[in-house]
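# Tertiary structure, described
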Amino acid sequence: MIFELRDKIPRNSSFLNSEDVLTSNIFGTLRYFSNQNILISFLNKSINMEGKKLEIAINSNFNIEFWKKYKKQSENFYDEPDLVLIDKNNVILIECKYHSFIYDESYILENKKIYSNQIIRYSVILNRNEFNNKNKYIIFLSNDSVFPTQIMADSKSKINNADLYWLSWHKLFGILNKENAGFLSEGEQIIRKDLLNFLKKRNLKVFDGFTIENSSLNWKYKRRKKYFDNIQNTFQWSYKK
C-alpha cells in the first residue's frame, strides 16, 4: 500500500487494476486493528435484493482466510473464494470484483452443470459439514455505485442454502472517515489514515456530507433587483399558425 501511496507504481501497471491486490490491501490492513469494529461495520453496509442490510453483531470475532482452496467433490479442480470469514455463529464467503465482471454462463461436464458464476459455485462450499449450524452468507463486493440488480437476481435464483448480499468498496471510506480516532491507538491512527489515503487514490470514496457546528444564520430576502433599468426598445412577438 505504501508503495502505491508514494507513487512508485507505473501509471499503466496491471497492479492498479488487480482485485487481488485491492482485496489484500483493504482486508489485510483491517486485520491489524485491535478489534473488528471497522470490518464488521463495513460488512453491515451490505444489502440484499429486498434492501435489507446485513446484521452481524459488532462484537463478533472472525477468522479471516484469503483465497482458501476448496476441492470439488469427484472433480480435479478447486474453488477459491477471495475471502472466507468464520466465527462461532457465522460463515461469510466474499467474492471481490474491481474492474472485472461476474460471468453468468454454464456448461455440462460429465453430466453435471458447471457455472462460471463464482457466487453460484461458492454456494456449494457452504454445504460442507464444517459449516453446519452456522448462519451462511455470500457477499458480492464490487466497484458498482448502484445495486447490480441483474447479476444479483440471476445468482440468487440458483442459490438456496445462503443469504446473498451486495456491498460496494466505496462504503468503507465513510466508515473510516467517521471513525473516532480518539479511540484508536497511535499505530491504528496511522493505519486508518493510510487506508483513507489509499481509498482516495483509488477513487473509492463517496461524498458523505458535512457538519456545521455552533453556527447561526441570520438572513433575509433583499428587495428584488431590477436588472433592466434602461431598456429603450421593446419587442412584440407571437406564434404563427
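See the structure shown above.
Residues numbered from 1 in each chain as written. Predicted model: local features only at pLDDT ≥ 70, side-chain atom pairs only at ≥ 80, totals over all residues. Heavy atoms only, no water.

With the rule as written, the count across this model stands at nine salt bridges. We note a salt bridge from Glu50 to Lys156, for which the minimum N-O separation is 2.9 Å. Of this pair, Glu50 sits in the loop between α3 (37–43) and β1 (63–66) while Lys156 sits in helix α5 (residues 149–156); the two residues are 106 residues apart in sequence, bridging distant segments of the chain. Between Asp79 and Arg121 there is a salt bridge, and its shortest N-O distance comes to 2.8 Å. Linking Asp79 in strand β3 (residues 78–79) with Arg121 in helix α4 (residues 118–125), this pair joins segments that are 42 residues apart in sequence. (Salt bridge = Lys/Arg side-chain N within 4 Å of Asp/Glu carboxyl O. Helix = DSSP H or I, 4+ residues; strand = E, 2+ residues; numbered from the N terminus.)

If you trace the five strands from one edge of the open sheet to the other, you get β1-β4-β5-β8-β9, paired in mixed fashion. Each end of this open sheet is capped by a strand with a single partner; those strands are β1 and β9 (163–168). Each strand of the sheet is rotated relative to its neighbour by a mean of 20°, with strand direction disregarded. Sheet topology note: the strand β8 (residues 135–142)/β9 ladder contains six bridges and is parallel. In the sheet register, Ile138 faces β9, and the bridge partner there is Leu164. The strands touched by α5 are β8 and β9; relative to β9, the strand with the most contacts, the crossing angle is about 160°. (Pairing = 2+ DSSP bridges. Axes fitted to C-alpha atoms, helices over the stretch in contact; angles between N-to-C directions. Contact = heavy atoms within 4.5 Å.)

Attention shifts here to the packing of aromatic side chains. Summed over all chains, the structure comprises five aromatic pairs. Relative to Trp67, the ring of Phe66 has its centre 5.7 Å away and its plane inclined at 50°; by these criteria the two rings are tilted. You can call Phe66 partly exposed: its relative accessible area is 21%. Owing to a relative accessible area of 27%, Trp67 belongs among the partly exposed residues under this scheme. Between Tyr137 and Tyr165 the ring centres are 6.1 Å apart and the planes differ by 65°, which places this aromatic pair in the edge-to-face class. In this pair, Tyr137 is assigned in strand β8 and Tyr165 in strand β9, connecting sequence segments 28 residues apart. Comparing Tyr137 with Tyr165, the two get one shared label, buried. (Phe/Tyr/Trp six-rings, centres within 6.5 Å; stacked < 30°, edge-to-face > 60°. Buried < 20%, exposed > 50% of the residue type's maximum accessible area, 1.4 Å probe, protein only.)

Burial analysis of strand β5 (residues 90–96) places seven of its seven residues in the buried class, the great majority of the element. Examined bridge by bridge, strand β4 (residues 83–86) and β5 share four bridges and lie antiparallel to one another. Counterpart to Ile86 in the pairing with β5 is Val91. Here β4 folds back onto β5 in antiparallel fashion, the turn holding three residues. Note: β5 against β8, seven bridges, orientation parallel.

Such coordinate-based values are descriptive only and should not be taken to indicate function.
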